[in-house]
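# Chain and residue survey
So you can see what is in the structure, the chains are spelled out below.
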Amino acid sequence: MATITQEQFSQQLAYFVELTKSTESPWTLQTRRDVLYGMRKEMKMILDNGLSDASSIDMADGDEHNNGDGFGIDEEEEGVQHDANRHSLSLPCSLRMIQFEYNILYSESYSVPVLYFQAINADGKQISLEDVWKLIPNVYHQHESIDFQNETSEERFARLSSMISQNEHPIVGTPFYWIHPCQTSLMMEKVSPLMEKNDDGPFDDPSIRSNYLITWLSTIGPVVGIRLNLIRR
């Protein structure tokens, strides 16, 4: 199984955060209760119905671009006014502002990184788990062994909750959504060798391609709207 130690996690997280400092999507290192973790906050405009096959809308020119997921335009936390009500006055009624917070922690139980996140509405409340599931891009729903048309609501709940559910954040102690780490080591066992050999992939630096944490985040991050971009601005 492909796992990492806590020391490796801390080193790779610090390396990753340093890489992102000069990009358009910077992360920060946080320490709380002597626990080191990575954090990123950003505002996103998402479709009000949360459909994962909907188009995002470029507010700059009004053109629509079908990107295959329910996440719309990202706005850097530093560059936006955090008054979602103010934004909503000029947005189409089908869009709403959501504040996302992503945390990367280490799971001692599974010896792998784990992603926790919040998605906060303008009223200060988390969006529902059902809305989170609707935001998952279509590609992550596609599986030849699943009969989606005849899937019961109970089967759908079991399938989606095995991927993303709500859990108490181990550091702050409040409810966060998280991507279950139980299959991470198996996934990384398959993905890591491919990433390291892929000279034509998104990362041309071998030290980046061999970084377990970066490979992990670039694989599971898109499920919840993280678009990993290590191109320096």
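This text gives an overview of the structure that appears in the document. All residue numbers refer to position in the chain's written sequence, counted from 1. For this predicted model, a pLDDT threshold of at least 70 governs which residues receive local features, and a threshold of 80 or more governs which side-chain atom pairs are given and counted, while totals over whole chains, interfaces and linings are taken from all residues. Only hydrogens and water are set aside; all other atoms, that is, all heavy atoms of the structure, feed into the side-chain values.

## A few points about the nonpolar core
Counting residues in each nonpolar core, the largest one holds 38 residues, and the members touching the most others are F16, I104, L115, I164 and V224. The criterion used for residue contact is that any of the two residues' heavy atoms lie within 4.5 Å. Excluding residues within four positions of it along the chain, I164 makes contact with F117, L129, V132, W133, I136, Y177, W178, I179, H180, V223 and V224. Only buried residues count toward a nonpolar core. Its members are Ala, Val, Leu, Ile, Met, Phe, Trp, Tyr and Cys residues joined through side-chain atoms within 4.5 Å. The rule is simple: take the accessible area with a 1.4 Å probe, protein chains only, and divide by the maximum for that residue type; under 20% is buried, over 50% is exposed, in between is partly exposed. Residues Y37, L105, V114 and W178 belong to the second largest nonpolar core, which totals eight residues.

## A few points about the side chain of N121
By definition, any uninterrupted DSSP run of H or I lasting at least four residues is a helix, any uninterrupted run of E lasting at least two residues is a strand, and each is numbered from the N terminus. Along the chain, N121 turns up in the loop between β7 (112–120) and α3 (129–135). Excluding anything up to four places from it in sequence, N121 contacts R96, M97, I98, Q126 and I127.

## Regarding the environment of Y212
Considering the arrangement of structural elements, one finds Y212 in helix α7 (residues 212–220). Here Y212 falls in the buried class, since its relative accessible area comes to 8%. Considering only alpha carbons, one finds Y212 and T3, 209 residues apart in sequence, at a separation of 8.6 Å. Sequence-distant contacts of Y212, defined by excluding residues within four places in its chain, comprise A2, T3, I4, Q12, V112, P113, T184, S185 and M188.

## Overview of helix α1 (residues 6–20)
The span one expects for a helix is its residue count, reduced by one, times 1.5 Å. Between its terminal C-alpha atoms α1 stretches 21 Å, which fits the 21 Å expected from 15 residues at 1.5 Å a residue. Inspection of α1 places F9, Q12, L13, F16, V17, L19 and T20 among the buried residues, and these make up the whole buried set. Burial along α1 is one-sided: seen end-on, the buried residues are contained in an arc of 155°. Our arc is simply the arc of the directions from the helix axis toward the C-beta atoms.

## Quick notes on α7
Counting buried positions along α7 gives seven out of nine residues, so the element sits mostly inside the fold. When we look at burial in α7, the residues that qualify are Y212, L213, I214, T215, W216, L217 and I220.

## So, unusual backbone geometry
Phi at R33 is positive, roughly 55°, even though this residue is not glycine. Relative to the helices and strands, R33 is located in the loop between β1 (28–32) and β2 (35–47). A relative accessible area of 62% places R33 in the exposed class. Of note in the backbone geometry, D34 takes a positive phi value of approximately 65° without being a glycine. Secondary-structure assignment places D34 in the loop between β1 and β2.

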